[in-house]
Amino acid sequence: MNERDSDAVASMLVNRGYSMVKDEDDADIVLLNTCSVREQAEQKAIGKAGYLKRRKRKNQNFIIGVMGCMVQNRGEKLLDQLPDVDLLIGTQKFHHVPDYLDSLVADRKNETPTPSAIIDLGEEEGSQNTIVGHDYDIKKVTSFVSIMQGCNMSCSFCIVPKTRGEERARPIQSIVDEVKGLVEKGTREVTLLGQIVTSYGRREIAFKESKSPFVQLLEELSEIEDLKRIRFTSPHPRGFKDDLVQAYKRLPKLCQYVHLPVQSGSNDILKAMNRPYTRERYMQLIDELKEVVPNMHFSTDIIVGYPGETDEDFALTKKLFDYVKFDMAFIFKYSQREGTPAADIEDQIPKKIKEARNQELLAALTSYSNARNASLIGTTEEILVEGPAKKGEGMYVGRTKGYRKVVFPGNERLVGELINVKIGSSTVTSVSGTVV
Ligand code: 5AD
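All figures in this text were calculated on a predicted structure; none of them were measured in a lab.

Quick look at the packing of aromatic side chains now. Scanning the model with the defined rule gives seven aromatic pairs in all. Residues Phe 214 and Phe 232 carry aromatic rings whose centres are separated by 5.0 Å and whose planes lie at 85° to one another, so their mutual orientation is edge-to-face. Of this pair, Phe 214 sits in helix α9 (residues 213-222) while Phe 232 sits in strand β9 (residues 229-233); the two residues are 18 residues apart in sequence, bridging distant segments of the chain. Judged by its relative accessible area of 1%, Phe 214 is buried. Overall, Phe 232 belongs to the buried group, its relative accessible area being 8%. Between the aromatic rings of Tyr 277 and Tyr 282, the centroid separation amounts to 6.4 Å while the plane-to-plane angle is 35°, which identifies the pairing as tilted. The same class applies to Tyr 277 as to Tyr 282, namely buried. A connected cluster of aromatic rings, assembled from ring pairs, spans Phe 321, Phe 326 and Tyr 368.

So this is what it looks like as structure tokens:
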């Protein structure tokens, strides 16, 4: 989501006449987009902003802006730590960046510039409709599309409801128009983005023939002819109802890959996290999805070391992990976020234990991913070609519908095409093959 927000800001700036440079050292303006999910992410951003300020010594007109969740989370206080920052932009204000930069740039041309920072952190009605431009990075085969902003859940560990505000959905038609525009420019696959996409339009859009607004959106997008594939992230296990499960039967463009954050495999911990489902329900949902799409691929988010997590709780997470055999997982060590309910729980888990649990899951993940990729050897997979591979002359890269990365000898004409590749070998992160 941050990547998409950053792209949208870059597009607005390019439209305003600014140009993007390849190398950060050549820039007159650097904007940092930030994340607050874990303490480490915030520390990284603060470190980077601190490093950038050295550029001001050489160039008085150099502009540093900080945007996004950390700014929303820490507010103006951030300036105490980072006095050299010129612009602080909250998560609902990205679309004002061009105006603010224009005024900062103009100010620097004055004989007596006003050195105070511009700060805009408020809520803004309709901000969900502003993350739409793609001009900066056109002709991408795969594109992100932001369908909503905010989050109304209250997971006890999570800072996002504070930093991203209340859930607000874009209208279906506006999303369809954006995707049509992208497809005209060469996009063949979209990934729909929202904190909890299964909550899409819950307040704004009525159910139709017992189909949720999100399923209605998927149906409409499926009608776009040259759009070949649709992905989305992230659904919530609670909102993943039968209409969405059944949609996989009807909508062949939906990819056979579901990112379904579970967070923990222990019912006690799920309850403490205020995640309204059980391990049994989660596994049932996995089974239902496998019934509809037998070789469905799954990935997840897991937090290890949530306050009070016992060895038994963790063993249950490991068991669920082994049950699903995820292709991919983001495994997080619990990070205390000030202002969230879990931060005040006394029974915080020592770092060493978090680290060990993290390593155990990572090792399991490597083995599932290895096995999954090895299982593709000898099969022919339909892949969407994305572009040249990072390594290897004449090598190209694409993905299967299950999101496995495929490397093969190819050429530029294949980019954006769906082609068949016979898989010959595999590693933990990708498979290789030849076009058939
Ligand atoms: N500590 C560790 N991980 C967290 N996440 C959210 N909050 C925290 C936290 N305080 C993880 C969750 C979520 C993902 C985006 O980040 O797993 O799904």
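Having seen it, we continue.
Moving on: the sheet that holds strand β11 (residues 297-304). Judged by pairing direction, the sheet is parallel, and its three strands sit side by side in the order β10-β11-β12 without closing on themselves. Each edge of the sheet is formed by a strand with only one pairing partner; in this case those strands are β10 (257-259) and β12 (328-333). In this sheet, neighbouring strand axes are inclined to one another by 10° on average, regardless of whether the strands run parallel or antiparallel. Note that β10 and β11 share three bridges and pair parallel. When the sheet's bridge partners are listed, His 259 is paired in β11 with Ser 299.

Spatially, β1-β2-β3-β4 is the arrangement adopted by the four strands of the open sheet, whose pairing is parallel. Edge strands, defined here as strands with exactly one partner in the open sheet, are β1 (29-34) and β4 (118-120). Averaged over all neighbouring strand pairs, the angle between strand axes comes to 10°, with direction disregarded. The pairing of strand β3 (residues 87-89) with β4 spans three bridges and is classified as parallel. Bridge assignment links Leu 88 to a residue of β4, and that residue is Ile 119. Contacts from helix α2 (residues 39-52) reach β1 and β2 (63-68) within the one sheet, and its direction differs from that of β1 by about 170°.

Its 14 residues place the ends of helix α13 (residues 311-324) 20 Å apart at the C-alpha level, agreeing with the 20 Å of an ideal helix rising 1.5 Å per residue. On its buried side, α13 packs onto α11 (267-272), α12 (279-292), β11, β12 and α14 (351-374). Looking one or two places after α13, you find Lys 325, whose phi comes out positive at around 50°.

Moving on, we come to the environment of Glu 3. Secondary-structure assignment places Glu 3 in helix α1 (residues 2-15). Along the sequence, Glu 3 and Phe 144 sit 141 residues apart, while their C-alpha atoms lie 8.7 Å from each other.

Running from amino to carboxyl end, helix α10 (residues 242-250) crosses α12 at an angle of 15°, the nearest separation of the two axes being 9 Å. Comparing the axis directions of α10 and α12 gives the class roughly parallel. Both α10 and α12 take part in a crossing whose hand is right-handed. Along its contact with α10, which presents Val 245, Gln 246, Tyr 248 and Lys 249, the element α12 presents Leu 285, Glu 288, Leu 289 and Val 292. Tallied by class, residues from the contact of α10 with α12 come to five nonpolar, one polar and two charged.

Reading the values: the criteria
Residues numbered from 1 in each chain as written. Predicted model: local features only at pLDDT ≥ 70, side-chain atom pairs only at ≥ 80, totals over all residues. Heavy atoms only, no water. Phe/Tyr/Trp six-rings, centres within 6.5 Å; stacked < 30°, edge-to-face > 60°. Helix = DSSP H or I, 4+ residues; strand = E, 2+ residues; numbered from the N terminus. Buried < 20%, exposed > 50% of the residue type's maximum accessible area, 1.4 Å probe, protein only. Pairing = 2+ DSSP bridges. Axes fitted to C-alpha atoms, helices over the stretch in contact; angles between N-to-C directions. Contact = heavy atoms within 4.5 Å. Expected span 1.5 Å × (residues − 1). Parallel < 35°, antiparallel > 145°, perpendicular 65-115°, else oblique. Left-handed = near helix turned anticlockwise from the far one by under 90°. Nonpolar A, V, L, I, M, F, W, Y, C, P; charged D, E, K, R; others polar.

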